[in-house]
Each structure stands twice: as C-alpha cells, then as structure tokens.
There are 2 protein chains.
Amino acid sequence: MADRSPTSRPGGRTARVRADVHGAVQSLLRDQSVAELTIAQIAERSGVHLGTLYRRWGSLDGILLDVVTERLSQSSPMPDTGTLGEDLREYARQAASDLAGPEGKLLLRTLVAVRLGNDEAGLPPALSRRFDELGELLDRAAARGENPPTVQEVFEVVIAPLVAGLLFDTQPQGPKAVDHLLDRLDRITGQG
Amino acid sequence: MADRSPTSRPGGRTARVRADVHGAVQSLLRDQSVAELTIAQIAERSGVHLGTLYRRWGSLDGILLDVVTERLSQSSPMPDTGTLGEDLREYARQAASDLAGPEGKLLLRTLVAVRLGNDEAGLPPALSRRFDELGELLDRAAARGENPPTVQEVFEVVIAPLVAGLLFDTQPQGPKAVDHLLDRLDRITGQG
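What counts and how
- Residues numbered from 1 in each chain as written.
- Chains lettered and ligands numbered in written order.
- Predicted model: local features only at pLDDT ≥ 70, side-chain atom pairs only at ≥ 80, totals over all residues.
- Heavy atoms only, no water.
- Least-squares fit on C-alpha atoms with pLDDT ≥ 70 in both.
- Contact = heavy atoms within 4.5 Å.
- UniProt positions renumbered as here; feature names shortened; annotations may be inferred.
- Helix = DSSP H or I, 4+ residues; strand = E, 2+ residues; numbered from the N terminus.
- pLDDT = per-residue confidence, 0-100.
- Buried area = accessible area lost by both parts, 1.4 Å probe.
- Salt bridge = Lys/Arg side-chain N within 4 Å of Asp/Glu carboxyl O.
- Polar contact = N/O pair within 3.5 Å; in protein donor to acceptor, adjacent residues only side chain to side chain.
- Axes fitted to C-alpha atoms, helices over the stretch in contact; angles between N-to-C directions.
- Parallel < 35°, antiparallel > 145°, perpendicular 65-115°, else oblique.
- Nonpolar A, V, L, I, M, F, W, Y, C, P; charged D, E, K, R; others polar.
- Buried < 20%, exposed > 50% of the residue type's maximum accessible area, 1.4 Å probe, protein only.
- Core = buried A, V, L, I, M, F, W, Y, C linked by side-chain atoms within 4.5 Å.
- Expected span 1.5 Å × (residues − 1).

**Regarding the relation of the copies chain A and chain B**
- At an RMSD of 0.0 Å, chain A and chain B line up after a rotation of 180° and a shift of 0.0 Å along the axis. Taken together, the rotation angle and the small translation identify this as a two-fold axis. Judged by C-alpha distance, A160(A) is the residue of chain A that lies nearest the rotation axis, at 2.6 Å.
- The residues that chain A uses at the interface reappear at the interface of chain B in 100% of cases, marking a shared surface.

So this is what it looks like as structure tokens:
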C-alpha cells in the first residue's frame, strides 16, 4: 500500500499512516522478536516511506513506544466503577501489572530511549492522552462530590514508585504492591 | 597491561581489574562520546580480556552503569550535616541535580538496558552500596534520637518521583523540585 494512496479511512491521511504503521508493527511482531525489528521492515510492510517514519516518530524506539502505549491503553482502559477509591485501586493494580509485564518493560525501554537519547523528545501523544484520561477519571469523582487527588499526586505517589521500583529493583512488583501506595495517597489527600 | 599481571594494587585482582576498566572508560570518554564507545575499545585500553568484561559486567551498558554510579557516588557523597532534615534536603537536591544532568541520564539509560534488557540483571553493587549509604545516613539520625523514615520511604516518596518525572516529562526537574517531596516525606513520617 502506497504512502499516498487515496483511501478514505476515517481521520484523514495522518491517522491512516499511523494505522498502517501500527498494523505493520503488530504483524511483524507476530513472526519475530522486538530485538530483531528494523525501521526498514516497518517501511516495507506498511508502505510508508522511511523518511515519513523518521519525520513523524524520530526513530524505531519512537514507533515502538507509540505502538505499545496504544496497545496498553486498549487492553487496560481507564476504570469507571462509580467510586474514586475503586477506580484508583483498579487503575493502580492494572498499571502495576502492565509495567511488570513484557509490554510495560518495552514501554519503559523505548520511553527512556526517546526521552534520554540524543533527541530528548517530549512525551508522545499516546502517553499524554493516558494522563488526560486519568484526569477525566478524577474529574468524574469531583463531579460526584468526592475529593480526588490531582493527576500529579497520583503520578508521584502511586505510579512513580512502581516505575522506579522496577528500575532500581527495590520492591516486589505486581498488583499487590500498590496497596500501601494507595493508602499513602489517601492520607495525603485526607480521605483515609 | 595484561589481565593477569601480578601488580600489588590494594584490593586484589578483582579490585585491580575494576580499577583498570574504570580508568580505561574515563580515559576513552575524554576523546569520544559515550555513543561511540565499544566494549572492544575498553578491552584494548584496559588490557582486560573481552571475555572477562562480559563475564563480570554482562555488557557495555553494565560497564557504563558501574562507572557512572561510581562517579556520581564520588562527586556527590552522602551529606552528614548533623541533622536529619538538612541531610535529607541536601541528599534530595543533589540527587535531583545529578539525575537531570548528563551523568544521571546515562545512569538511567544504562540501568534500563541492564534491568529491562535480555538479561534482566539485578542491581549492580555500586548502586546497592548507594542505598546502604542512605541507610547509614538514616541510622545516624536514629542514633541522635531523631525519627527517620526508612530507605524505602525516601526512595518511594522522594527519589521515585524524580526518576519517573524525568522519564514521563511530568514536572520541572532540578534541585527546587524536591521541596514538596520532602514536605510530603515529613508529613508521612510525622515530623512536619
């Protein structure tokens, strides 16, 4: 499929290119490991020019980060249980479980490459959107009359220790690891 | 210099090999960037066999992580000011400043490669030692009759948000960023 083919997929050319690239990566990863994947293979399989890939995603790591963030967002949608406490518990357990799994590790590896590599690029849109969704979860709680923490507080108190704990090997990982972090968040925001 | 040369540097052969490797990396990095560095160059410059390097450090990233941790430990020794509050403030500001600088970024990049790469190795000794030193700082405070947090609490509440904030681009970095984290730690441990 050519980069400029005039198909009518919704979202226009930009969304179409992204969908083609994501589809190509998913398809390639069914037959080979991430370590073997090259950006040239993605260009060939997707029909998107190599120059377009570099311009839009910066690097192979940039593409992989976009793909894995999208996959995690789809497989772990933001909870909407009706109460803040239950939403946060489900969100935190899912985040802990995702981070400790192979896709979470790929996310951290590619995020580090993109953010701390030569480009020092900003956060990719798919990951910014995830923070926006967390903000919406907290806004729903506020609209119900609950007293939610800020996105920044959830990030610092719950997510950051999970991420850093994985890197520095300082604590047990997985869904159970979040309970004392959620208790701490409760105490900080005065809901405990 | 041969790997097995019977020199009498203190610490025995293991320490001597490590010193030779660290010296070789420092010397190579005066003339070229980290991105250009190869493990073969380190073998040649240090006189340590390539097989020994792989056996002991696992990879080029493993060597770089050891070297950069050692350098940061030496340039940012643990404070010992006589009070817990001042020690923690100085430690946190230094950690924030180190992490946001080029050596901190190299530390995170190599740590991710070592911890989340194919080997999934444990924490290197130089980094474990850093946590031990933080424990000693907290023990000194306890011995003075102060009420220190645990190493795990300092890590989760202060260090983790700095590390994760750098990766996820969520907050201003640098020494000033630590004040609200230290206040939070105070509140958690009931010293505020």
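**With respect to the UniProt feature "DNA-binding region" (unreviewed entry) in chain A**
- Residues annotated in UniProt with the feature "DNA-binding region" (unreviewed entry) correspond here to residues 38–57 of chain A.
- Between the C-alpha atoms that bound residues 38–57 of chain A the distance is 14 Å, and the span itself is 80% helix and 0% strand.

**Considerations on the confidence of the model for chain A**
All names here are of chain A.
- Put simply, chain A has an average pLDDT of 87, and 90% of its residues get 70 or more.
- For chain A, the element scoring lowest by mean pLDDT is helix α6 (residues 102–116), at 88; helix α2 (residues 39–46) scores highest, at 96.
- In this model residues 1–8 is a low-confidence stretch, pLDDT under 50, and it forms 16 contacts with partners more than four residues away in sequence or in other chains.

**Let's talk about the interface of chain A and chain B**
- Opposite the 34 residues of chain A that make contact, chain B presents 34 residues.
- Carbon and sulfur atoms supply 66% of the area that chain A and chain B bury against each other, a total of about 3200 Å² over both sides.
- Contact with chain B buries area across many residues of chain A, yet L116(A), L167(A) and F168(A) alone supply 23% of it, more than any other trio.
- At the junction of chain A and chain B, the tally comes to 4 salt bridges.
- Taking the shortest distance from any N to any O, the salt bridge between R115(B) and D169(A) comes out at 3.5 Å.
- Across the contact surface, chain A and chain B share 12 residue pairs in polar contact (both at pLDDT 80 or more).
- For the side of chain A that touches chain B, the secondary-structure elements that each account for two or more residues are α6, α7 (125–143), α8 (151–168) and α9 (179–188) of chain A.

**Details of the packing of helix α7 (residues 125–143) of chain B against helix α8 (residues 151–168) of chain B**
Residue and element names in this part refer to chain B.
- Interhelical geometry of α7 versus α8 gives an angle of 110° and a closest axis separation of 9 Å. It follows that α7 is roughly perpendicular to α8 by the angle criterion. In this structure, α7 contributes F131, L134, G135 and L138 to the contact, and α8 contributes V151, V154 and F155.
- The class makeup of the residues in the contact of α7 with α8 is 6 nonpolar, 1 polar and no charged.

**A look at the environment of V68(B)**
All names here are of chain B.
- Among the secondary structure elements, V68 is positioned in helix α4 (residues 60–75).
- For V68, a relative accessible area of 2% corresponds to the buried category.
- For the pair V68 and L127, spaced 59 residues apart in sequence, the C-alpha separation works out to 9.9 Å.
- Residues within four places of V68 in sequence aside, it is in contact with E103, L106, L107 and T110.

**Comments concerning the nonpolar core**
- Counting residues in each nonpolar core, the largest one holds 83 residues, and the members touching the most others are L107(A), F168(A), L107(B) and F168(B).
- Each residue touching L107(B), except ones within four places of it in the same chain, is listed here: F168(A), L65(B), V68(B), T69(B), L72(B) and L127(B).

**Things to note about α4(B)**
- Under the 1.5 Å per step criterion, the end-to-end length of α4(B) is 22 Å for 16 residues, consistent within 8% with the ideal 22 Å.
- Those residues of α4(B) that are buried lie in contact with α1 (12–29), α2 (39–46), α3 (50–57), α5 (84–100), α6 (102–116) and α7 of chain B.

**Description of the packing of α6(A) against α8(B)**
- Remark: α6(A) packs on α8(B), axes separated minimally by 8 Å, with the N-to-C direction vectors making an angle of 70°. As judged from the angle between their axes, α6(A) and α8(B) are roughly perpendicular. On the side of α6(A), the interface is formed by L107(A), L108(A), L111(A), V112(A), R115(A) and L116(A), while α8(B) contributes L166(B), L167(B) and F168(B).
- The residue makeup of the contact of α6(A) with α8(B), split by class, is 8 nonpolar, no polar and 1 charged.

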